[in-house]
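In case you want the letters, here they are:
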Amino acid sequence: MSALSPDKTISAIIICETSRSHSNKTCFPLYFLDAYHCLNFLSIKWKLLLKNIQLIPLFLVAGVRTVTQNGVLVFMPLYMVANQGVSAAVIGSSLFSMQMGGLVSGPIAGYMSDKHGRKIIAVGALFVSAILVPLYTLVDNGLILILLSGIIGFAIYAGRPVVQGWALDLAPAETSGSVISLLFMVQVGSAALFAMIAGIIADKYGLSIIFIILSIICLITLTIASLIPSTKPTQK
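Residues numbered from 1 in each chain as written. Predicted model: local features only at pLDDT ≥ 70, side-chain atom pairs only at ≥ 80, totals over all residues. Heavy atoms only, no water.

### Structural notes on the packing of helix α3 (residues 55–84) against helix α4 (residues 88–116)
- One can describe the packing of α3 onto α4 by two numbers: an axis separation of 10 Å at closest approach and a directional angle of 160 degrees. Looking at the two axes, α3 sits roughly antiparallel to α4. The crossing of α3 and α4 is right-handed. Counted together, Gln69, Val72, Leu73, Met76, Pro77, Met80 and Val81 of α3 and Ile91, Ser94, Leu95, Met98 and Gln99 of α4 form the full contact between these two elements.
- Grouping the amino acids of the contact of α3 with α4 by side-chain chemistry returns nine nonpolar, three polar and no charged. (Axes fitted to C-alpha atoms, helices over the stretch in contact; angles between N-to-C directions. Helix = DSSP H or I, 4+ residues; strand = E, 2+ residues; numbered from the N terminus. Parallel < 35°, antiparallel > 145°, perpendicular 65-115°, else oblique. Left-handed = near helix turned anticlockwise from the far one by under 90°. Contact = heavy atoms within 4.5 Å. Nonpolar A, V, L, I, M, F, W, Y, C, P; charged D, E, K, R; others polar.)

### Side note on the environment of Cys218
- Considering the arrangement of structural elements, one finds Cys218 in helix α8 (residues 208–225).
- Note: C-alpha distance between Cys218 and Arg65 (153 residues apart in sequence) is 7.8 Å.
- Ignoring sequence-local partners within four residues, the contact set of Cys218 consists of Val64, Thr68, Leu126, Ser129 and Ala130.

### Observations regarding helix α6 (residues 142–170)
- Helix length check: α6 (29 residues) gives 43 Å between terminal C-alpha atoms against 42 Å at 1.5 Å per residue, within 8%.
- By the N-cap criterion, in which a side-chain oxygen at the helix start approaches the backbone nitrogen of a residue two or three places on, α6 is capped by Asn141, the distance to Leu143 being 2.9 Å. (Expected span 1.5 Å × (residues − 1). Polar contact = N/O pair within 3.5 Å; in protein donor to acceptor, adjacent residues only side chain to side chain.)

### Some points on the packing of aromatic side chains
- For the structure on display, the rule yields two aromatic pairs.
- Residues Tyr79 and Phe211 carry aromatic rings whose centres are separated by 5.5 Å and whose planes lie at 80 degrees to one another, so their mutual orientation is edge-to-face. A residue pair is termed long-range when its members are at least 10 positions apart, and Tyr79 in helix α3 and Phe211 in helix α8 qualify at 132 residues. Residue Tyr79 shares its accessibility class with Phe211, and that shared class is buried.
- On the basis of an interplanar angle of 45 degrees and a centroid distance of 5.7 Å, the ring pair of Tyr136 and Phe211 is categorised as tilted. You can see Tyr136 sitting in the loop between α5 (118–132) and α6 and its partner Phe211 sitting in helix α8, a full 75 residues away along the chain.
- The exposure class assigned to Phe211 is buried, which follows from its relative accessible area of 0%.
- An aromatic cluster of three or more residues is present, and its members are Tyr79, Tyr136 and Phe211. (Phe/Tyr/Trp six-rings, centres within 6.5 Å; stacked < 30°, edge-to-face > 60°. Buried < 20%, exposed > 50% of the residue type's maximum accessible area, 1.4 Å probe, protein only.)

Here you go:
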């Protein structure tokens, strides 16, 4: 039996629902058939994704970028209040500065990646983040904290559109939606897991070590990112 196309599958559901509204008979066979073809359709998509093995390290890059972003957003205020006694107004201004840095960097990073390639922008963003994030442990001035947060926000958020564009460059055209959904799943999962683990580590060893860990993770991922191809390999 040949597989139903998505359009035919949707038509079958509509016919089934229409017939049910005029009859007491159930349409379980059609529902089961629809589920089978949906699973078959998803299976084909995932097989196509797995053929592009270079997407896996790129998902790691996306996850680390989000971990760094969320790590700073969560642990920087905690550290500054607990260790430096920074006021709530300065913390709020720092977070505002970080977001504004991201607001400015997005269009710039997108344009630069179109012109010079995704890899150099993504690697550069990770490198700058790795260098600057540990400086939070050295800052004891509110104005410097706000300025530093703006620069870090510029670097961290610059990687977001670039990594997404890079994933679309490498993925098969017919799985672009699946790639982006998986990318977001990895990012959310990584951030959630890191927040829990980092909280436990901070309780045991102090908040300052979190910024060192984020820097090391960025440097390791930077090395991995440099090995990912910039474009989709040609099929022979």
